Number of protein chains: 2
Amino acid sequence: MAEFARRTDTRYGNRPTMKDVAARAGVGLKTVSRVVNGEPGVTPDTERRVQEAIEALGFRRNDSARVLRKGRTASIGLVLEDLADPFYGPLSRAVEEVARAHGALLINGSSAEDPDREQELVLALCARRVDGLIVIPAGHDHRYLEPEIKAGVATVFVDRPAGRIDADVVLSDSFGGARDGVAHLIAHGHRRIGFIGDQPRIHTAVERLRGYRAAMEDAGLPVDERWVSLGSTDPARVTAATEEMLSGPEPVTALFAGNNRVTVTAVRLLAGRETPVALVGFDDIELADLLGITVIAQDAAALGRTAAERLFRRLDGVSEAPARVQLTTELLARGSGEVPPPGV
Amino acid sequence: MAEFARRTDTRYGNRPTMKDVAARAGVGLKTVSRVVNGEPGVTPDTERRVQEAIEALGFRRNDSARVLRKGRTASIGLVLEDLADPFYGPLSRAVEEVARAHGALLINGSSAEDPDREQELVLALCARRVDGLIVIPAGHDHRYLEPEIKAGVATVFVDRPAGRIDADVVLSDSFGGARDGVAHLIAHGHRRIGFIGDQPRIHTAVERLRGYRAAMEDAGLPVDERWVSLGSTDPARVTAATEEMLSGPEPVTALFAGNNRVTVTAVRLLAGRETPVALVGFDDIELADLLGITVIAQDAAALGRTAAERLFRRLDGVSEAPARVQLTTELLARGSGEVPPPGV
């Protein structure tokens, strides 16, 4: 990213940059960024020095500079996986709010889980000169983005990491969350637990399955591979997989649903059954509280906000190594995950 | 729109247009459009004549022409009200699917119900040379769009009509849907029915209130103005308004919720009460079937699809007067709307 920072200096011409402020105050760029963005971790004395340098140089946050530079509104692109998935609603809104606070326009579109479509959309956004990109990747090879990143397009990945390039990523702890959820079912007496997840090429699906296996192993429980099903979240596929696990002489007594789409179908299916089956789902769902659905909640708005803030720090010229930011999940016990196995 | 059609001809240069096809086949533009888009309403004989003209002229759907024309992907802008409102998920996805079928990129953003922000976003999208716009308007004066429309940016409004300009609009029958929902409550014995809606400057809120009043009047029932509350859909506001109506010596025995945001709050509030209160909500909600919530469902995906198809017809050079397309709603009786008043 050093290349990007250098280029930024050129683009801003004679306007004082954060680098100038940092040099004058005798602090690092990150410290200036913290002061400018009102973030913690700066001593009062350092903050005063930075403020003095800002005033002396007439420095202004360069989101407005960015607008002025090209005589147009700055913009960032957001590439989602599915516009209709409610998980992306709060995430998108959070990104838009941060963009707006920086005077930037948000442009978004979806890849429909198709790596080619993701690449096509990302490059179309770059051709439209977005200043930065937030990507929920469908593919596993993002080397196509290297020329764009070198050309100064800041990029942050969300929900899933980038493939084959070194880039910022903000994600929820899918592994830890799933492990907690499955451990919760085990703690309520379950031994035969099914896992129904999204397609195996999706990072979060694999991580959550890893969490399931870890919880089972932690409890010394064997995993029958008939209890594990990854695939499309299409209701028919999920229904068939669930019914399969719930049939036979030794059916599962509990289910872990790998994401909100799976949970919705599982809830519908279980609602029609006489024998109760325990259920914990990954992702919170609207009205899940009233239906008593126990979930591992991730904070979609925090994911979007964190990614967008990181992106704008990059756009503000802060040069730091790409990092992986992981947000914790929360288990919300509401009833469905606390149902004991039959006969207990 | 004649001006736009003329300009389109120029822009496409020597490529045969739908107008050329229509002239050669001796049919109207709309008929050509129907054949090209595989829509019904064309006799086999006419279809054959149109196909012959298409082949003779070497006509190709000009969505590809549009891509080639400027050496870039065509794009359309979608301006929503709130990215996080689940109502817009299926609508956005439907628009994106139609755009994609036409080889176009979808760019979207939200106005957050702020007319200034709507205008800012629309003009920013126009500055980025979108070929067309689909707008869910926050404001009531769209004369600012006239120069853009004259310059060839096709525009279709969705969910709410444009203000002070003549433009295409695709909307659900808010008036009829609300009237049906309130008549349903009356048919189940209710006489004191509350209406809780969105802010009075929003077209759909006013139309749904009009539907409520019409149903009450049809049944010869007086409306106590304390039973009507329009305002923000913020849960605190909705909760206060609902509690007010449910208190006092003559509380309402049923509620009509003006949209999905109001319904969610009302369901939460009513779940905690001992005396059941009947509820019908406008808009379907995920898992509402399992919670037994009776709703007036509108088809958000059909709204988006219809608007996008109309937009691409315009972009294909079909010149016709702006129209208002209204989609019907459907009452889904699931329990909450069939609760009788106390003592019946």
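As the structure is a computational prediction, the values presented were derived from the model and not from experiment. (Residues numbered from 1 in each chain as written. Chains lettered and ligands numbered in written order. Predicted model: local features only at pLDDT ≥ 70, side-chain atom pairs only at ≥ 80, totals over all residues. Heavy atoms only, no water.)

A.B. asks: Would you mind showing me how to read the pairing of strand β9 (residues 278-282) of chain A here?
C.D. replies: Strand residues, when the strand is regular, have side chains that alternate between the two faces of the sheet. Residue and element names in this part refer to chain A. With five of five residues buried, β9 is to be regarded as a mostly interior element. Taking every second residue as pointing to the same face, both faces of β9 are buried, with Ala278, Val280 and Phe282 on one and Leu279 and Gly281 on the other. For strand β8 (residues 254-257) and β9, the ladder comprises four bridges, and the chain directions are parallel. In the strand pairing of β9, Leu255 is matched with Leu279. (Buried < 20%, exposed > 50% of the residue type's maximum accessible area, 1.4 Å probe, protein only. Helix = DSSP H or I, 4+ residues; strand = E, 2+ residues; numbered from the N terminus. Pairing = 2+ DSSP bridges.)

A.B. asks: What should I look at first to understand the relation of the copies chain B and chain A in this one?
C.D. replies: Think of it as a corkscrew move, a rotation about one axis and a shift along it, taking one chain copy to the other. Once chain B has been moved 0.1 Å along the axis and rotated by 180°, it coincides with chain A to within an RMSD of 0.3 Å. A rotation of that kind, with that shift, is consistent with a two-fold axis. The share of interface residues of chain B whose copies in chain A are also at the interface is 100%, consistent with both copies meeting through the same surface. (Least-squares fit on C-alpha atoms with pLDDT ≥ 70 in both. Contact = heavy atoms within 4.5 Å.)

A.B. asks: Honestly, the interface of chain B and chain A in this entry has me stumped. Any pointers?
C.D. replies: Interface size is commonly expressed as the accessible area that is lost once the parts come together. In this assembly, 37 residues from chain B lie in contact with 37 residues from chain A. Carbon and sulfur atoms supply 55% of the area that chain B and chain A bury against each other, a total of about 3400 Å² over both sides. On the chain B side of the contact with chain A, Arg128(B), Glu286(B) and Leu287(B) bury the most area, a combined 20% of that side's loss. Remark: the boundary between chain B and chain A carries ten salt bridges. Our count for the contact surface shared by chain B and chain A stands at eleven residue pairs in polar contact (both at pLDDT 80 or more). Contributing elements (two or more residues each) for the side of chain B that touches chain A: β1 (74-80), α6 (88-101), β2 (104-110), α7 (115-127), α12 (260-271) and α13 (288-291) of chain B. For the side of chain B that touches chain A, a count of residues per class yields 18 nonpolar, seven polar and twelve charged. (Buried area = accessible area lost by both parts, 1.4 Å probe. Salt bridge = Lys/Arg side-chain N within 4 Å of Asp/Glu carboxyl O. Polar contact = N/O pair within 3.5 Å; in protein donor to acceptor, adjacent residues only side chain to side chain. Nonpolar A, V, L, I, M, F, W, Y, C, P; charged D, E, K, R; others polar.)

A.B. asks: What should I look at first to understand the packing of helix α3 (residues 29-36) of chain A against helix α4 (residues 44-57) of chain A in this one?
C.D. replies: The axes of two packed helices give the description: the angle between them and the distance between them. Residues and elements named next belong to chain A. The N-to-C vectors of α3 and α4 enclose an angle of 85°; their axes lie 10 Å apart at closest approach. With respect to each other, α3 and α4 are oriented roughly perpendicular. Here Thr31, Val32, Val35 and Val36 of α3 lie close against α4, whose contacting residues are Thr46, Glu47, Val50, Gln51 and Ile54. For the contact of α3 with α4, the residue count by class is five nonpolar, three polar and one charged. (Axes fitted to C-alpha atoms, helices over the stretch in contact; angles between N-to-C directions. Parallel < 35°, antiparallel > 145°, perpendicular 65-115°, else oblique.)

A.B. asks: What am I meant to see in the domain arrangement of chain A here?
C.D. replies: All names here are of chain A. Along its sequence, chain A is organised into domain 1 (18-61), domain 2 (73-171 + 300-325) and domain 3 (174-298). Using only C-alpha atoms to locate each centre, domain 1 and domain 2 end up separated by 27 Å. Residue-level contacts link seven residues of domain 1 with seven residues of domain 2. Between domain 1 and domain 2 we count one salt bridge in total. Lys30 is paired through a salt bridge with Glu320; the nearest N and O atoms lie 2.8 Å apart. Counting across the domain 1 and domain 2 interface gives one residue pair in polar contact (both at pLDDT 80 or more). In terms of residues, the side of domain 1 that touches domain 2 owes the most to one element, α3, which gives three residues. Of the residues in the side of domain 1 that touches domain 2, the class split is two nonpolar, two polar and three charged. (Domains from an automatic or database assignment.)

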